[in-house]
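Working through the structure, step by step
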Amino acid sequence: MIQNLEQILLNIQQSFNKHSLIAIHLSHYKGTEPGLKRIHIRKTLVKNEYVLSFTYQYATKDIVKNYTLAESIQLIEGLVKVEGFRLIRLLTLDFDIQLSFMKGGRWDLEKTNPSQNTLPNMQHDKPKKRIIEANHQMYLKQLNITDQQGHVYKSAQDKYKQINHYIEILSTLLKELPNHEVLKVVDMGCGKGYLTFALYDYLNHILKKPAQVIGVELRKDLVDLCNQIAHDSSYTGLHFEQGAIGAFSMPEMNVLIALHACDTATDDAIAQGLKAQADLIVVAPCCHKQIRREIKKSNVSNDLDFLMKHGIFMERQSEMVTDGIRALILEYFGYTTKVIEFISDAHTHKNVMIVGVKNVQKESNQAAIKQKIMDIKSYFGIG
């Protein structure tokens, strides 16, 4: 029987709920865990929920584990009763209290005035500064990314992170574009417009580059929704049009973006960018069906048979071949290309982005590139 243990556990629970808990220390360890010296516990905020963070200090390492309040109370009780910690000290804004094992087997409870008068920083990680800030953004509220106070919803954290990651990738490319009086940007297959709104915001309000942005989307309900949000946000240079990517016509275009356009819709988008001689073409392909079907149908034998006989490898190889040809086509038309990896979203695991930057000073060896494409098609049996 450990006297007063229930009292200190109750104090932990009360100070946690009152937001007055500063720290908990467990020490004087007499248990059998090799190398364990002490445990420091603090209240911390993880994914918008308060938990208790346990730092297990060993002779050569620290291990951090997070637990809910209920789990922590049960765990602390076991650490004292069973595991062999002979001293537990609770620091709060109102008082300090210590339970320690004394000679003769007695447990002594001592309560004193608080030794500290300020709470530590409870952030689990230092908040990362985002390019697109969440506060006071009408479009983020109406897209259900933030609440009325500008706080990002827990369920929208990944989407908010993804939006900023896209803008971070595009920011360097956009800064290096030739100067235009008004930058004309088209986002093909824009869906609900998360990136389209953020891109308009970034160009006009952060980079201070006057830009007109058009979002192209097949679904009328999304087009109507996005146009209403653009109107409510006073984004006069942003509008959305209903239509298929291949049918959209815009003779003058400086930037073309198409993220997760399905199968050959990515090729339609690239064709639109090439036709307009856009300075920058950025696509993140999805659903590489056509080339996979052609490779499978052709039954051509080559050095990759040992891979292509497996469905999963066939799929991955088809993706690489398709996107490799797309990059070559961009190079054929005078673009400097690179293929990069980015954070995928919840709807697709595809995470490859093809970037083409128009290079007016570089002469494209079109004959050699065309022959390379023909050789690739022949090797894989692509019609």
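Everything below is about the structure shown above.
In this text the structure is predicted, and so the values were computed from the model without any measurement.

The next point concerns the sheet that holds strand β11 (residues 255-262). With mixed pairing, 7 strands are arranged side by side in an open sheet as β10-β9-β8-β11-β12-β14-β13. Among the strands making up the open sheet, the edge pair consists of β10 (238-242) and β13 (335-341). Looking at each pair of strands side by side, their axes are set apart by 15 degrees on average, direction ignored. In the sheet, strand β8 (residues 183-188) pairs with strand β9 (residues 211-217) via 6 bridges, with the strands oriented parallel. Considered in β9, the bridge of K184 is made with Q212.

By the element assignment, T196 lies in helix α5 (residues 194-206). Excluding residues that lie within four positions of it along the chain, T196 makes contacts with D187, C190, V213, G215, L238 and F240.

Moving on: the pattern of salt bridges. Inspection of every chain in the model, using the stated rule, returns 9 salt bridges. Of the charged contacts, one joins K220 and D224 as a salt bridge, the two residues approaching to 2.7 Å between their closest N and O atoms. In this pair, K220 and D224 are both assigned in helix α6 (residues 220-232), 4 residues apart and thus about one turn of the helix distant. Classification of D224 as partly exposed rests on a relative accessible area of 39%. Through salt bridges that share partners, D267, D323 and R326 make up one connected network.

Scanning all chains against the criterion turns up 10 aromatic pairs. A ring pair is formed by F54 and Y56, whose centres lie 6.2 Å apart and whose planes are at 25 degrees; its orientation type is stacked. Here F54 matches Y56 in class, with each residue buried. Aromatic side chains F101 and W107 sit 5.3 Å apart centroid to centroid with 70 degrees between the ring planes, which places their arrangement in the edge-to-face category. Each member of the aromatic cluster is reached from another via a ring pair, and the members are Y139, F197, Y200, Y235 and F240. For the cation-ring pair, K61 lies above Y58, with the distance from its terminal atom to the ring centre recorded as 5.3 Å. In this arrangement the basic side chain of R86 is found over the ring face of F101, its NZ or CZ atom lying 4.4 Å from the centre.

About the criteria used
- Each chain has its residues counted from 1, running along the sequence as written.
- Local features are withheld for residues below a pLDDT of 70 in this predicted model, meaning they are given only at 70 or higher, and side-chain atom pairs are given and counted only at 80 or more; totals for whole chains, interfaces and linings count all residues.
- Side-chain numbers here rest on the full set of heavy atoms in the structure, without hydrogens or water.
- A pair of strands is treated as paired once DSSP finds two or more bridges between them.
- A run of H or I in DSSP becomes a helix once it reaches four residues, and a run of E becomes a strand once it reaches two; helices and strands are each numbered from the N terminus.
- Working convention: axes come from line fits to C-alpha atoms, limited for helices to the stretch in contact. Angles between N-to-C directions cover 0 to 180 degrees.
- By the convention used here, residues are in contact when the closest approach between their heavy atoms is within 4.5 Å.
- Each salt bridge in this description consists of a side-chain nitrogen of Lys or Arg and a carboxyl oxygen of Asp or Glu lying within 4 Å of one another.
- Burial classes: relative accessible area under 20% of the type maximum marks a residue as buried, over 50% as exposed, and values in between as partly exposed (1.4 Å probe, protein chains only).
- When the centres of two rings from Phe, Tyr and Trp lie within 6.5 Å, Trp using its six-membered ring, the rings pair. Their planes under 30 degrees apart give stacked, over 60 give edge-to-face, and anything left gives tilted.
- Consider the ring centre and the ring normal. A charge sits over the ring if Lys NZ or Arg CZ is within 6 Å of that centre and within 35 degrees of that normal.

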